[in-house]
Amino acid sequence: MKKIFLFVIFICIVATAYGKTQYVLDFTKESKIQDGREYLRSIGFEKKYDFSALRIYKTNRGLVFDPPSGGFLFYLNKFKKPFPAKYLRITWYFTHFPLINSWAENTRRQLLAVMVSFGTTPRPSGRFYMPAVPYFLSFFVNNIDRSDIFLGHYYKDTGRYVCRTCPVRSNQKIVTTINLEKEFSDVFGIEHIDNVTSVGLEMDTRNILTKNSAFRLIKIEFLSSLDPSPVVQKTTKSTKQVKSKK
């Protein structure tokens, strides 16, 4: 009886430690597909923009992106069944950051951003030639900027670019945890957060030096409860002040 009781306690502790996962993309999961673009298609991502010079390949340590030159990439995964999520946790590893890459200094480029969309109602972009899209938050890290919120060229009323757990060091695994409900409320002034409807991968390395800037995307997790483990870098307090993307 005592053994059963201890086992139940152990299971409860493990379940609490890892939180409740709503949806996970584990890029370390074993796959016979080694070509990165083919792998992204196999797990539901659709190519929107890409550049041929970028090398993408699948390994058992994650999905590797190696940009030998500048370019723009965007892959989008629209979920067939939208789901609620309170937290987002991204695990990634950056070997080296570009020498010039500061949003605060108006360079406004990122090796990778994870874009999360909420709801299905299209919102205006502010420009007639840009499509209407739902509310979105796009999360990235770099080694220069401090945690902050930035405006882009478009979607000023419905989208933000958010640097969290910033600045970070290169050559180490980074775990970025975001309270989606708080970020959404602080940015848009809306208490109710719609279901997550898509996740996108965006790279913009135009006009910045990317030599030796290969990095790995390890895991993207949507959670309904937060992992209390001390190894997770928790998001810093949000600020409503935003900086415009030049």
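1. Observations regarding the pattern of salt bridges
Piece 1. Enumeration over the complete set of coordinates arrives at eight salt bridges.
Piece 2. A salt bridge links Arg89 to Glu221, with the nearest nitrogen and oxygen atoms 3.0 Å apart. Here Arg89 is found in strand β6 (residues 87-94), whereas its partner Glu221 is found in strand β13 (residues 215-223), with 132 residues between them in sequence.
Piece 3. Exposure remark for Arg89: the relative accessible area of 5% places this residue in the buried category.
Piece 4. Of the charged contacts, one joins Glu183 and Arg164 as a salt bridge, the two residues approaching to 2.6 Å between their closest N and O atoms. On the criterion of sequence distance, the pair formed by Glu183 in helix α3 (residues 180-188) and Arg164 in the loop between β10 (159-163) and β11 (172-179) is long-range, its members being 19 residues apart.
Piece 5. A relative accessible area of 1% places Glu183 in the buried class.
Piece 6. Using a relative accessible area of 1% as the deciding quantity, one classes Arg164 as buried.
Piece 7. The network of salt bridges with shared partners includes Arg109, Asp204 and Arg206.

2. A closer look at the packing of aromatic side chains
Piece 1. If you walk through the whole model with that rule in mind, you get 22 aromatic pairs.
Piece 2. With centroids separated by 4.8 Å and ring planes inclined at 25°, the aromatic side chains of Trp103 and Phe140 adopt a geometry described as stacked. Placement of the pair is Trp103 in the loop between β6 and β7 (110-123) and Phe140 in strand β8 (residues 133-140), with a sequence separation of 37 residues. Each member of the pair, Trp103 as well as Phe140, is classed as buried.
Piece 3. For the cation-ring pair, Arg216 lies above Tyr93, with the distance from its terminal atom to the ring centre recorded as 4.5 Å.

3. Some remarks on the state of the cysteines
Piece 1. If you walk through the whole model with that rule in mind, you get one disulfide.
Piece 2. Between Cys163 and Cys166 runs a disulfide, and the two sulfur atoms are separated by 2.0 Å. Taking the sign of the S-S torsion, -100° for the link of Cys163 and Cys166, the bridge is left-handed. For the pair Cys163 and Cys166, a shared accessibility class is recorded, and that class is buried.

4. So, the nonpolar core
Piece 1. Counting residues in hydrophobic clusters, the biggest one holds 59 residues, and the most contacted among them are Ile220 and Phe222.
Piece 2. Tallying contributions element by element places β7 first for this core, with seven residues.

5. Some points on the environment of Asn207
Piece 1. Structurally, Asn207 can be placed in the loop between β12 (196-204) and β13.
Piece 2. In sequence terms Asn207 and Ser69 are 138 residues apart; their C-alpha atoms lie 8.8 Å from each other.

6. A few points about the side chain of Ser213
Piece 1. Residue position: Ser213 is located in the loop between β12 and β13.
Piece 2. Here Ser213 falls in the buried class, since its relative accessible area comes to 0%.
Piece 3. A polar contact of 3.4 Å, which involves the side chain of Ser213, links it to the backbone oxygen of His96.

7. A few points about unusual backbone geometry
A negative phi holds for most residues other than glycine; trans holds for most peptide bonds.
Piece 1. Following Cys166, the chain continues into Pro167 via a peptide bond in cis, with omega recorded as -5°.
Piece 2. Here Pro167 lies in the loop between β10 and β11.
Piece 3. Although it is not a glycine, Tyr155 sits at a positive phi angle of roughly 55°.
Piece 4. Its location among the elements puts Tyr155 in the loop between β9 (148-150) and β10.
Piece 5. With phi around 65°, Asn207 is a residue other than glycine that occupies positive phi space.
Piece 6. Exposure remark for Asn207: the relative accessible area of 75% places this residue in the exposed category.

8. A few points about α3
Piece 1. Extensive coverage of α3 is indicated by the burial of seven of its nine residues.
Piece 2. Those residues of α3 lying buried are Leu180, Glu183, Phe184, Ser185, Asp186, Val187 and Phe188.
Piece 3. Measuring from the side-chain oxygen of the N-cap residue of α3 to the backbone nitrogen of Glu181 gives 3.2 Å; that N-cap residue is Asn179.

About the thresholds
- Residues numbered from 1 in each chain as written.
- Predicted model: local features only at pLDDT ≥ 70, side-chain atom pairs only at ≥ 80, totals over all residues.
- Heavy atoms only, no water.
- Salt bridge = Lys/Arg side-chain N within 4 Å of Asp/Glu carboxyl O.
- Helix = DSSP H or I, 4+ residues; strand = E, 2+ residues; numbered from the N terminus.
- Buried < 20%, exposed > 50% of the residue type's maximum accessible area, 1.4 Å probe, protein only.
- Phe/Tyr/Trp six-rings, centres within 6.5 Å; stacked < 30°, edge-to-face > 60°.
- Lys NZ or Arg CZ within 6 Å of the ring centre and 35° of its normal.
- Disulfide = S-S within 2.5 Å.
- Core = buried A, V, L, I, M, F, W, Y, C linked by side-chain atoms within 4.5 Å.
- Polar contact = N/O pair within 3.5 Å; in protein donor to acceptor, adjacent residues only side chain to side chain.

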